[in-house]
Amino acid sequence: MAIVRGADPADLTVRESRDLARSARGRYLRRWLPIGIGLLMAAAMVVMAAAAPLIAPLSPSAQFSDAVLKGPGVVERHLLGTDEFGRDILSRVIWGARVSLQIGLVSVLWSFVFGVPLGILAGVRGGTIETLIMRGADMLMAFPTLLLALIIVTALGGSLVNEVLAIGVALTPNFVRLARSLALTIREQDYILAARALGSGQLRVMARHVFPNALYALVVVGTLYIATAIRTEASLSFLGLGIPPPTPSWGNILSEGRQYIKCCPWITTFSGLAIMLAVLAFNLVGDALRDLLDPRLRGE
Amino acid sequence: MVQYVLRRVLIAVPMLLGAMSIVFFAMRVLPGNPCLAMMGDQATTEALADCTKNLGLSRPLAVQYADYIWRSVRFDFGNSFRQGYPVSEYIARMFPHTLVLVGASAIVAALIGIPIGIVSALKRRNPLIDYPLRIFALLGLSMPVFWFGILLLIVFSLRLDLFPLIGGGDLDGVLAMIRSGEAFTQPADFLAAVGDVLHHLALPALALGFTLAATVSRLSRSAMLEVISQDYIRTARAKGQGERAVVYKHALRNMMVPLLTIIGIFVAIALTGTVLTETVFTRPGLGKMLVDAIGARDYPLAQGAITVFTMIIIVVNLVVDMLYAVVDPRVTYR
């Protein structure tokens, strides 16, 4: 509901059709540009991770003893410089995308697969089941994502699977909550009543009616959680609890480079930049999609 | 009101218990014997048996669990494996450092975040203002605090040599001077010590505060948007009040209510942030203590730190819930 302050009827008549067309185009651009940029960046990241063996100029673990701690471009074959073992930073950052994106995508998928059915069940069934599920979720929510993931990784040890598990578990209560709140609204809709009247059982209602109607909102939020998952993975690796070296991940490249910030800041700079761009890409997409979903917050 | 407070407390207690149980069992599912993990493969059988006995690991799990809960309630987390002295003592020493960091970064975050959020909500139809602000918020949200911290260190500590590279200053000394009354008898020394602490605090607070500012600006933006579409704002405008009066007298005050509820979220994010920030800046504090304890496999210390973190978050949320009811008279004390 817009309140036009100081509107003069004359303003409206003077407005030419050309202006209207331009403002429509502006609005269109403003809505789709962030999604476009975000999608492009995210797609570039995924391609980089998938095609790492083809794109990376050198092996991420090859050590060049003639080029230890060399700056970007000092030795021609090392575009972004080298680390303390003479390994190529560009190649390591490209290979590091694999770890970050795998963990980011798989852990969110994991929490989606576990959290959404529980949330829908809680929302549709109510009663004791709901109380049990929601109290459990509340308990996990008492921990910040990183802290919970940190506890789990400490207990299980750092590896690709354990990190996925840790971040997946840490994110699950968020999906439980969201799915439940969506289910609570959806179950009151007439089409659910109609489905029930036609004889659909509880399970069918949840799977065929509630879930598809909640899907869009869940996917939007899921995109934002990919960003959270990538950042959490990087944080764990930075704290030395992620994938153990020598497998490159953005977090552990950055963590190893910390000792050399005095002489060789490029190690931390480029690995950190990669983390930021990846997180930014998924934030951009998720954010723009959420604005589309919730017109009230749209900035127009 | 009393009933409401009691209800909230009664909800918080099982949550706290549940969270503590998660910590306890997570620490117990560790593959293998924690003693073996700590001492390494070289440990003798006698040393292992001794360690197992000291930790009470040979007792039934239920007994260990009850013991842990009962001791935690009294803030007794046992002794640190590495240092030997009580974990609670360690935590009490580190707590002020973390508190100061969270407080300072909260101030930075509020000073940057709230104005940006408000302006971005009010000027949302002006892309020249709204866009840069939203990009700022997105960047802050996407920038890992440990990376921003390292960039600050590279520029301000290493290149410009303006701030110290590591440490947190002599906060213990400052606190001791306050306790002993020296702060008033020797104000010059005291101010110098405080200045040193602030000097050490500046970069970490800026790093953490900046990343938190993004969250704060988004939350205050949506709080402002929520408020600005209310009927009383339309009424205020309808009776001819200027934009300034509408914003300051009507919108801003009401915006504070939803903003208050996010303090709980804020503290949770800030505490997580201290884990990373303190590690980057090699600052003493609860977060660094936790990371070091995990690295050294000092389980009592890690368990104590995590338990304290969880307690703080749950208690802050409880307090915020109550404040919410006090500030907003429309919240009924059910």
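A few points about the overall build of chain A
Part 1 of the argument: Per the secondary structure count, chain A includes 11 helices and zero strands.
Part 2 of the argument: Listed by position from the N terminus, the elements making up chain A come as α-α-α-α-α-α-α-α-α-α-α.
Part 3 of the argument: Relative to all contacts within chain A whose residues are 6 or more apart in sequence, the contacts with residues 24 or more apart total 69%.

Concerning the overall build of chain B
Part 1 of the argument: Counting secondary structure elements, chain B contains 14 helices and zero strands.
Part 2 of the argument: Listed N to C, the secondary structure of chain B is α-α-α-α-α-α-α-α-α-α-α-α-α-α in terms of helices and strands.
Part 3 of the argument: Considered along the principal axes of its C-alpha atoms, chain B spans approximately 85 × 55 × 45 Å.
Part 4 of the argument: Counting the 334 residues in chain B, one finds 37% classified as buried.
Part 5 of the argument: For chain B, contacts bridging at least 24 residues in sequence account for 72% of all contacts bridging at least 6.

Brief notes about the confidence of the model for chain B
All names here are of chain B.
Part 1 of the argument: When the pLDDT values of chain B are averaged, the result is 80; 93% of them are 70 or greater.
Part 2 of the argument: The element-level mean pLDDT for chain B is lowest in helix α2 (residues 34-39), coming to 67, with helix α5 (residues 87-122) highest at 88.
Part 3 of the argument: For this predicted complex, the interface confidence comes out at an ipTM of 0.81, alongside a pTM of 0.84.

Side note on the environment of L79 of chain A
Residues and elements named next belong to chain A.
Part 1 of the argument: Its location among the elements puts L79 in the loop between α3 (52-55) and α4 (89-125).
Part 2 of the argument: For L79, a count of 15 C-beta atoms within 10 Å gives the class partly exposed.
Part 3 of the argument: In the structure, L79 is positioned 22 residues away from P57 in sequence and 9.4 Å away in space, judged by C-alpha atoms.

Structural notes on helix α9 (residues 202-238) of chain A
Residues and elements named next belong to chain A.
Part 1 of the argument: The end-to-end C-alpha distance of α9 is 46 Å, clearly below the 54 Å that 37 residues give at a rise of 1.5 Å each.
Part 2 of the argument: Of all bends in α9, the biggest is about 45 degrees, found at L215.
Part 3 of the argument: A positive phi of about 85 degrees marks G240, the residue just after α9.

Observations concerning the environment of M134 of chain A
Residue and element names in this part refer to chain A.
Part 1 of the argument: Among the structural elements, M134 can be located in helix α5 (residues 127-141).
Part 2 of the argument: The exposure class assigned to M134 is partly exposed, which follows from the 19 C-beta atoms found within 10 Å.
Part 3 of the argument: Taking the C-alpha atoms as reference, M134 lies 9.7 Å from G123; in sequence the two are 11 residues apart.
Part 4 of the argument: Residues within four places of M134 in sequence aside, it is in contact with A122 and R180.

Looking at unusual backbone geometry
Residue and element names in this part refer to chain B.
Part 1 of the argument: We note that F75 has phi near 60 degrees; this positive angle belongs to a residue other than glycine.
Part 2 of the argument: Following the sequence through the fold, F75 ends up in the loop between α4 (61-73) and α5.
Part 3 of the argument: Despite not being glycine, T282 shows a phi value in the positive range, around 45 degrees.
Part 4 of the argument: Look at T282 and you get partly exposed, because 15 C-beta atoms sit within 10 Å.

Observations concerning the nonpolar core
Within soluble globular proteins, side chains that are nonpolar generally end up buried alongside one another.
Part 1 of the argument: Residues V93, A149 and A179 of chain A together with A270, L290 and A305 of chain B are the most contacted members of the largest nonpolar core, which totals 162 residues.
Part 2 of the argument: The element best represented in this core is α4 of chain A, accounting for 17 residues.
Part 3 of the argument: Setting aside chain neighbours within four positions, we find A179 of chain A in contact with G115, V116, G119, I120, G123, A214 and L218 of chain A.

Observations concerning the interface of chain A and chain B
Part 1 of the argument: Taken together, the contact between chain A and chain B spans 39 residues of the former and 45 residues of the latter.
Part 2 of the argument: For the side of chain A that touches chain B, the secondary-structure elements that each account for two or more residues are α5, α6 (145-156), α9 and α11 (266-293) of chain A.
Part 3 of the argument: Looking at which element gives the most residues to the side of chain A that touches chain B, the answer is α11 of chain A, with nine residues.
Part 4 of the argument: Grouping the amino acids of the side of chain A that touches chain B by side-chain chemistry returns 25 nonpolar, seven polar and seven charged.

A short note on the environment of Y68 of chain B
Part 1 of the argument: Along the polypeptide, Y68 of chain B turns up in helix α4.
Part 2 of the argument: Between the C-alpha atom of Y68 of chain B and that of L276 of chain B, which follows or precedes it by 208 residues, the distance is 28 Å.

Topic: helix α7 (residues 145-159) of chain B
Residues and elements named next belong to chain B.
Part 1 of the argument: The terminal C-alpha atoms of α7 lie 20 Å apart, and with 15 residues this matches the ideal 21 Å at 1.5 Å per residue to within 8%.
Part 2 of the argument: Along α7, the helix axis deviates most sharply at L153, where the bend reaches about 30 degrees.
Part 3 of the argument: All buried positions along α7 are accounted for by V145, F146, W147, F148, G149, I150 and L153.
Part 4 of the argument: After α7 finishes, the residue D161 shows a positive phi value of roughly 55 degrees.

Let's talk about the confidence of the model for chain A
All names here are of chain A.
Part 1 of the argument: On average, residues of chain A score 82 in pLDDT, and 90% of them are at 70 or above.
Part 2 of the argument: Mean pLDDT per element in chain A: helix α1 (residues 9-14) is the minimum at 45, and α4 is the maximum at 91.
Part 3 of the argument: Per-residue pLDDT stays below 50 along residues 296-300; that stretch engages in eight contacts with residues further than four places along the chain or on separate chains.

Side note on the packing of α4 of chain A against helix α7 (residues 160-186) of chain A
Residues and elements named next belong to chain A.
Part 1 of the argument: Running from N to C, α4 and α7 cross one another at 35 degrees; their axes reach a closest spacing of 5 Å. Here the hand of the crossing between α4 and α7 comes out right-handed.
Part 2 of the argument: Residue composition of the contact of α4 with α7, grouped by class: 21 nonpolar, eight polar and three charged.

Reading guide: rules and limits
Residues numbered from 1 in each chain as written. Chains lettered and ligands numbered in written order. Predicted model: local features only at pLDDT ≥ 70, side-chain atom pairs only at ≥ 80, totals over all residues. Helix = DSSP H or I, 4+ residues; strand = E, 2+ residues; numbered from the N terminus. Contact = placed C-beta atoms within 7 Å. Buried ≥ 20, exposed ≤ 12 C-beta atoms within 10 Å, placed from the backbone. pLDDT = per-residue confidence, 0-100. Expected span 1.5 Å × (residues − 1). Bend = angle between axes of the 7 residues up to and from the residue. Core = buried A, V, L, I, M, F, W, Y, C linked by C-beta atoms within 7 Å. Nonpolar A, V, L, I, M, F, W, Y, C, P; charged D, E, K, R; others polar. Axes fitted to C-alpha atoms, helices over the stretch in contact; angles between N-to-C directions. Left-handed = near helix turned anticlockwise from the far one by under 90°.

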